[in-house]
Amino acid sequence: MAGLQPPRGTHDLIADTMRRHRHVVETAARVTGTYGFEEWATPIFEDTRVFSRTLGETSDVVSKEMYTFEDRGGESITLRPEGTAAICRALVTNGLTQTLPQKVFYQGPMFRYERPQKGRFRQFHQIGAELIGAEGPLRDAEIIAMAQNVLEALGLGDDVVLELNTLGDLASRAAWREALVAYFRDHAEALSEESRARLESNPLRILDSKSEQDRRLLDAAPEFGNFLNEDSRRFWDELRHYLTAFGVKFVENPRIVRGLDYYSHTAFEFVTTKLGAQGTVLAGGRYEGLIEQMGGPAIPAIGWAGGIERLALLLDAPPELPPGIAVVPMGDSALLQAAPIVQSLRAAGFRAEIETRGNVKKRMERVVKSGASHAVVLGDDELARGVVQLRDLSAREQREVAIPELVQALGER
RNA sequence: GCGGAUGUAGCUCAGUCGGUAGAGCGCCGGUUUGUGGUACCGGUUGUCGCGGGUUCGAUCCCCGUCAUUCGCCCCA
């Protein structure tokens, strides 16, 4: 089996890595629970149309990053590249469009065929939340506050900054887009090669360009603020007021543009400078047409997703395991006696293990290294008298305890 | 998909101006199978990422490939 490796961009989650991962998930589930959210799990693969229709044919995710294959029945199947579209599909499939709002938390693997880097993988994991049936900007602000709470609960409140933008409604954005394309067309020779290609596929992306020459053009480009219609402007103003009411600090960043087509109005990212080029740790926005595209009614929604690997990388120390109890039998007859003793400890809810290898000194060394809080030492003398030595490993104190009283004695510590 | 760097024991790394490898840590055992992480003694570990080429001979040079990593694109 030598030489076998996990596929490129995938990784095993083991021991403290898994503990970090689970800590992120459990924290997010707990915090979103305080907002009334409940976890859903949808399949990790879906009919390809769930994604291709909704994310935008020209988005990078759809055009070059999807794991798509034909199954044995000839259906086109795609490993989910993100969670929102699948949650909306599930909402419609399960007839939940009549019982709104739905407050959904989800977590699990996502798949994108990308070049891996630190904090970027082909199979990665996300936590996410969707509030489906979000009547107005109050809800957007609340859901962003919830994201902020999750990050704070993970101890990352000081590591991230919330960047906020509005994409306006469809009419505003269409008008602006038209003006923008016209402007860039006039200056096409001055654009970078990449941005010239984006002019056709995804012109809003040019705003995000890191190229010097593009930046110079951007100063004189049509500003979105001038294209916001009255409804969009009001939404944007109210959003910012509500965010302040929820105690959320933010920085306005007009260059935040979502890569996926379904967003409108609110767009936001929590970013960090600690992960190199992968600075976005959690991001989301409002979407108003997606559920209709899935065959349901037009229902506005707001949601976000966070990268578990990226969040886990930012945690300073992995959460620790609770200390256990080590049962250390000495001699063969003690080994037999150790079985019912260790079982009684487990039945009482303790993490308990039998340590049998090596001489007594080695056993004790291993027990201490394992992080156990107590050792239960069983020798022939004691067993003959129905007692064990209960040793508190941090206090280095030992006392004799009758076997039936062991669980109670440990409970007292 | 594009460009750069890296790849030697479980981990961190050294090394050979080309003669098939080493140190620390870890791990295992011992120092009277009845007691503690720091002591002492001993031991273990490698297709030197993989494939091919040059060479009497390659871990070292060349090519390819895979993986990791940094940046671009894009994104969580």
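Criteria and cut-off values
Residues numbered from 1 in each chain as written. Chains lettered and ligands numbered in written order. Predicted model: local features only at pLDDT ≥ 70, side-chain atom pairs only at ≥ 80, totals over all residues. Heavy atoms only, no water. UniProt positions renumbered as here; feature names shortened; annotations may be inferred. Helix = DSSP H or I, 4+ residues; strand = E, 2+ residues; numbered from the N terminus. Expected span 1.5 Å × (residues − 1). Buried < 20%, exposed > 50% of the residue type's maximum accessible area, 1.4 Å probe, protein only. Polar contact = N/O pair within 3.5 Å; in protein donor to acceptor, adjacent residues only side chain to side chain. Contact = heavy atoms within 4.5 Å. Pairing = 2+ DSSP bridges. Axes fitted to C-alpha atoms, helices over the stretch in contact; angles between N-to-C directions. Arc of directions from axis to C-beta. Phe/Tyr/Trp six-rings, centres within 6.5 Å; stacked < 30°, edge-to-face > 60°.

For chain A, the name recorded in an unreviewed UniProt entry is Histidine--tRNA ligase, with Gluconobacter wancherniae NBRC 103581 as its organism. Recorded under Sequence similarities (unreviewed entry), the UniProt text for chain A is reproduced unchanged: "Belongs to the class-II aminoacyl-tRNA synthetase family."

An α-helical segment advances 3.6 residues per turn. Residues three or four places apart therefore align on the same side. Look at helix H12 (residues 332–347): 24 Å from first C-alpha to last across 16 residues, which is about the 22 Å you get at 1.5 Å a residue. Turning to H12, its buried residues number three or more, namely Ala334, Ala338, Ile341, Val342 and Leu345. Just downstream of H12, Gly349 is the residue with a positive phi angle, here 95 degrees.

What UniProt calls "binding site: L-histidine" (unreviewed entry) maps, in this numbering, to Glu82, Gly83, Thr84, Arg112, Gln126, Glu130, Arg258, Tyr262 and Tyr263. Position of Arg112 among the secondary structure elements: in the loop between strand S5 (102–111) and strand S6 (123–132). At a separation of 2.8 Å, a polar atom in the side chain of Arg112 contacts the main-chain carbonyl oxygen of Pro81. With respect to the element layout, Tyr263 can be found in strand S9 (residues 263–271).

In this section: the environment of Gln213. Note that Gln213 resides in helix H8 (residues 212–218). Residues Gln213 and Val150, 63 residues apart in the sequence, show an inter-C-alpha distance of 39 Å. Excluding anything up to four places from it in sequence, Gln213 contacts Ala190, Leu191 and Ser192.

Our focus in this paragraph is the pairing of S6. S6 sits mainly inside the fold: nine of its ten residues count as buried. Pairing geometry for S5 and S6, over ten bridges, is antiparallel. Opposite Lys103, over in S6, you have Leu131 as the bridge partner. Direction of pairing for S6 relative to strand S11 (residues 301–307): antiparallel, over a ladder of seven bridges.

Attention now moves to the sheet that holds strand S4 (residues 76–79). Reading across the sheet, the three strands line up as S2-S4-S3 and stay open at both edges, with antiparallel pairing between neighbours. Only two strands of the sheet have a single neighbouring strand rather than two, namely strand S2 (45–47) and strand S3 (67–70). Within the sheet, the average angular offset between the axes of one strand and its neighbour, ignoring direction, is 30 degrees. In the sheet, S2 pairs with S4 via three bridges, with the strands oriented antiparallel. In the sheet register, Phe45 faces S4, and the bridge partner there is Leu79.

This brings us to the sheet that holds strand S1 (residues 38–39). Whether parallel or antiparallel, the strands of a sheet pair through hydrogen bonds between backbone atoms. A sheet is described by the order of its strands in space; here eight strands give the open sequence S1-S5-S6-S11-S10-S9-S7-S8, paired in mixed fashion. For this open sheet the edge positions go to S1 and strand S8 (251–252), each flanked by a neighbour on one side alone. The pairing of S1 with S5 spans two bridges and is parallel. Within the sheet, the bridge partner assigned to Glu38 lies in S5 and is Val104.

The end-to-end C-alpha separation of helix H9 (residues 230–245) is 23 Å, in line with the 22 Å expected for 16 residues at 1.5 Å each. Buried within H9 are the following residues: Ser232, Phe235, Trp236, Leu239, Arg240 and Leu243. Summarising the axial view, the buried residues of H9 lie within an arc of 130 degrees, below the 170-degree limit, and thus occupy one face. Exposed residues lying more than 90 degrees from the buried face of H9 are Glu230, His241, Thr244 and Ala245. Residues of H9 that are buried in the fold lie against helix H5 (137–153), strand S7 (161–166), helix H6 (170–186), S8, S9 and strand S10 (280–287).

We now examine the packing of aromatic side chains. Taken as a whole and judged by the stated rule, the model has three aromatic pairs. Here Phe268 and Phe270 contribute two aromatic rings whose centre-to-centre distance is 6.2 Å and whose plane-to-plane angle is 85 degrees, an arrangement assigned as edge-to-face. A relative accessible area of 0% means that Phe268 is categorised as buried. Take Phe270: its relative accessible area is 0%, and that puts it in the buried class.

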